[in-house]
Structure formats: structure tokens, C-alpha cells
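Architecture and fold: a report
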Amino acid sequence: MLPPYASELNPVEQLWSHLKHGRCDNLLPKDLQVLKDEAVEF
């Protein structure tokens, strides 16, 4: 039997949550470079 999923142990999940609900909330980047710049500032 596999253990339950623990998103707090996966650093990518923490970054995704921060971008989705924090830094990039309602962000509409004009291209991928703008999105990358916002993610890198995290």
C-alpha cells in the first residue's frame, strides 16, 4: 500500500501554489519570459 500524497514534501508543489495563489495571481504574461521572470523572483 502506498502512503498518502504529501504535497508539503514536494518543493515544486510549494512553488506552484505560491505562483498560483500569490505572486502570479491574475497575471496575464505577454510571453514565457515574463512568466519566467516572475517565477525566478520567488
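Everything below is about the structure printed above this text.
Keep in mind it's a predicted model, so treat the numbers as computed, not measured.

1. With respect to the overall build of the chain
Scanning the chain for helices and strands turns up two helices and zero strands. Across the 42 residues in the chain, those meeting the buried criterion constitute 7%. Counting only carbon and sulfur atoms, one obtains 60% of the accessible surface of the chain, whose full area is about 4,000 Å².

2. Observations regarding a nonpolar patch on the surface
Residues Leu 27, Leu 32 and Leu 35 make up a contiguous nonpolar surface patch of about 280 Å² in total accessible area. Along the chain, Leu 35 falls in helix H2 (residues 32-40). Overall, Leu 35 belongs to the partly exposed group, its relative accessible area being 35%.

3. A word on the environment of Leu 19
Position of Leu 19 relative to the elements: it lies in helix H1 (residues 11-23). The sequence separation of Leu 19 and Glu 38 amounts to 19 residues, and the corresponding C-alpha distance is 8.4 Å.

Reading the values: rules and limits
- Residues numbered from 1 in each chain as written.
- Predicted model: local features only at pLDDT ≥ 70, side-chain atom pairs only at ≥ 80, totals over all residues.
- Heavy atoms only, no water.
- Helix = DSSP H or I, 4+ residues; strand = E, 2+ residues; numbered from the N terminus.
- Buried < 20%, exposed > 50% of the residue type's maximum accessible area, 1.4 Å probe, protein only.
- Areas by Shrake-Rupley, 256 points an atom, 1.4 Å probe, with all protein chains shown as cover.
- Patch = residues over 30% accessible without salt bridge, like charges linked within 9 Å, V, L, I, M, F, W, Y side chains within 5 Å.
- Salt bridge = Lys/Arg side-chain N within 4 Å of Asp/Glu carboxyl O.

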